[in-house]
Amino acid sequence: QVQLVESGGGLVQAGGSLSLSCAVSGNIFSFGAMGWYRQAPGKQRELVARVFSGGDTNYADSVKGRFTISRDNANNTLYLQMNSLKPEDTAVYYCRADDRFGRVFWGRGTQVTVSS
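Computed from a prediction, not measured in an experiment: that's the story for all the values here.

**Structural notes on the overall build of the protein**
Of the regular secondary structure elements, the protein holds zero helices and eleven strands. Its helices and strands taken in sequence order, the protein reads β-β-β-β-β-β-β-β-β-β-β from the N to the C terminus. Referenced to the eigenvectors of the C-alpha coordinate spread, the extents of the protein come out at roughly 45 × 25 × 25 Å. Buried positions account for 43% of the 116 residues belonging to the protein. Long-range pairs, those at least 24 residues apart, make up 54% of the contacts in the protein with a sequence separation of at least 6. Only carbon and sulfur atoms are counted for the fraction: they give 45% of the accessible area of the protein, which is about 6,300 Å². One way to put it: in the protein the 12 positive side-chain charges average out to a point 3 Å from where the 9 negative ones average out.

**Some words on the sheet that holds strand 1 (residues 3-7)**
Read across the open sheet, the four strands follow the order 1-3-8-7; overall the sheet is antiparallel. Looking at which strands have only one partner, the edges of the open sheet turn out to be strand 1 and strand 7 (67-72). The average undirected angle you get between the axes of adjacent strands in this sheet is 15 degrees. Looking at chain direction, strand 3 (residues 18-25) and strand 8 (residues 77-82) are connected through six bridges and run antiparallel. Looking at strand 8, one finds that serine 19 is bridged to glutamine 81.

Here is what the cut-offs are and how they apply
Residues numbered from 1 in each chain as written. Predicted model: local features only at pLDDT ≥ 70, side-chain atom pairs only at ≥ 80, totals over all residues. Heavy atoms only, no water. Helix = DSSP H or I, 4+ residues; strand = E, 2+ residues; numbered from the N terminus. Buried < 20%, exposed > 50% of the residue type's maximum accessible area, 1.4 Å probe, protein only. Contact = heavy atoms within 4.5 Å. Areas by Shrake-Rupley, 256 points an atom, 1.4 Å probe, with all protein chains shown as cover. Lys, Arg positive; Asp, Glu negative; His and termini not counted. Charge placed at Lys NZ, Arg CZ, Asp CG, Glu CD. Pairing = 2+ DSSP bridges. Axes fitted to C-alpha atoms, helices over the stretch in contact; angles between N-to-C directions.

This is how it looks when you write it as structure tokens:
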């Protein structure tokens, strides 16, 4: 079983910072890509950032220059450093992993709330 567990969410004032973590465990050979997605109430889930096995990254335009995604392969952990947070960043943040066999795995999410 493959499991993804997010942590690090919370309440922060606008302009502040938070760091999210996603711990991956279970029977899996390897991951081709991992990423962070977010979903606000009444809105569709959207991509925040992704990192690929070769180290390349991709960010949503709305978070470029403020968020940084990184991956610790040795510990099977994904991170998202969020700086200069804005109220519009408020959402449930989900971790996603895609393995090399075409399977997709999701965490259950962690709430991030940014006050104005």
